[in-house]
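The lines below spell out each chain.
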Amino acid sequence: MVDEDGGLHWHLRRNCALTPAQFGTVFLSLAAISAAIAVFFFVAGAPFVAYFAGIEVLALGVAFVVFARHAGDSEHICLRDGRVQVEQHVGASVVRTEIEAAWARVESPVAGRSLVTLSGPGQQVQLGRYLVSAERARLAASLRQGLRQCAAGVPSSRPSEAPSGVSSPISDSKQAA
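Calculation notes
Residues numbered from 1 in each chain as written. Predicted model: local features only at pLDDT ≥ 70, side-chain atom pairs only at ≥ 80, totals over all residues. Heavy atoms only, no water. Core = buried A, V, L, I, M, F, W, Y, C linked by side-chain atoms within 4.5 Å. Buried < 20%, exposed > 50% of the residue type's maximum accessible area, 1.4 Å probe, protein only. Helix = DSSP H or I, 4+ residues; strand = E, 2+ residues; numbered from the N terminus. Patch = residues over 30% accessible without salt bridge, like charges linked within 9 Å, V, L, I, M, F, W, Y side chains within 5 Å. Areas by Shrake-Rupley, 256 points an atom, 1.4 Å probe, with all protein chains shown as cover. Salt bridge = Lys/Arg side-chain N within 4 Å of Asp/Glu carboxyl O. Pairing = 2+ DSSP bridges. Axes fitted to C-alpha atoms, helices over the stretch in contact; angles between N-to-C directions. Contact = heavy atoms within 4.5 Å. Polar contact = N/O pair within 3.5 Å; in protein donor to acceptor, adjacent residues only side chain to side chain. Phe/Tyr/Trp six-rings, centres within 6.5 Å; stacked < 30°, edge-to-face > 60°.

Caption draft 1: Just the nonpolar core, in detail. One finds Trp10, Ile77, Val84, Leu118, Leu127, Leu139 and Leu147 to be the most contacted residues of the largest nonpolar core, which totals 20 residues. Contributions of two or more residues to this core are made by β1 (8-13), β2 (74-80), β3 (83-90), β6 (116-120), β7 (123-127) and α3 (133-152). Of all the elements, α3 adds the most residues to this core, at 4 residues.

Shown next, in the form of structure tokens:
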């Protein structure tokens, strides 16, 4: 998407069926059901069921934490002012990479390497980990087109090959500068 400053943006995010809040509701429901069953068997004279129910809820809690940490994983690519800026959010870490557009090179995914590679002098970043293969190829074509426009000094416009789709985890987003 083109923003007010004439930059191009690609926002790629993990496709999650449940938000962390929805997953938390499911977790609490399962924990409550497990606790009710544990209490029933504890009262009936089988205390070991309560211990195993506790282990079960603990395992569900660990799964919840892992899911919640990665539900917001994303990649944001911005081509503006002769620079390609990539921001990758994975778990709690954020990695920012900036490459001069004139020196940037896009390598399409191939059989042995499934991600799109954006490289520049002394830097390399893998993109498209949240996309299927066909969308990675379209992302690479779209990035190439944007870099060509930047090199030619053509005002930015929406790339014709930009990945799209109703069920796609790719979304164009307008980011405030």
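There's more to say after this.
Caption draft 2: A nonpolar patch on the surface, seen in detail. Together, Ile33, Ile37, Phe40 and Phe41 line one region of the surface with nonpolar side chains, adding up to about 400 Å² of accessible area. Looking at the element boundaries, phenylalanine 40 is found in helix α1 (residues 20-43).

Caption draft 3: Spotlight on the sheet that holds β6. Across the sheet, which stays open at both edges, the 3 strands sit in the order β5-β6-β7 with antiparallel pairing between neighbours. The open sheet is flanked by β5 (105-107) and β7, the only strands paired with a single partner. Ignoring strand direction, the axes of neighbouring strands in this sheet form an average angle of 20°. Sheet topology places β6 next to β7; 5 bridges connect them, and they run antiparallel. Among the inter-strand pairings, serine 119 is bridged to a residue of β7, identified as glutamine 124. Its contacts with the sheet place α3 against β5, β6 and β7, and it is angled at close to 165° to β5.

Caption draft 4: Main features of the environment of aspartate 73. Relative to the elements of secondary structure, aspartate 73 occurs in the loop between α2 (47-70) and β2. Spatially, the C-alpha atoms of aspartate 73 and glutamine 88 are 7.7 Å apart, while their sequence positions differ by 15 residues. Not counting the four nearest positions on each side in its chain, aspartate 73 is found in contact with Arg13, Arg14, His89, Val90, Gly91 and Tyr130. Here glycine 91 takes part through its backbone nitrogen, which lies 2.8 Å from a polar atom of the side chain of aspartate 73.

Caption draft 5: Structural view of the packing of aromatic side chains. Under the definition given, this model contains 5 aromatic pairs. Here phenylalanine 23 and phenylalanine 64 contribute two aromatic rings whose centre-to-centre distance is 5.6 Å and whose plane-to-plane angle is 5°, an arrangement assigned as stacked. You can see phenylalanine 23 sitting in helix α1 and its partner phenylalanine 64 sitting in helix α2, a full 41 residues away along the chain. The class for phenylalanine 64 is partly exposed, based on a relative accessible area of 23%. Ring centres 5.9 Å apart and planes at 15° place the aromatic pair phenylalanine 27 and phenylalanine 64 in the stacked group. Note that phenylalanine 27 is positioned in helix α1 and phenylalanine 64 in helix α2, a separation of 37 residues in sequence. Through successive ring pairs, a cluster of aromatic residues spans Phe23, Phe27, Phe64 and Phe67.

It is worth stressing that arrangement in space is one thing and function is another; only the former is reported here.
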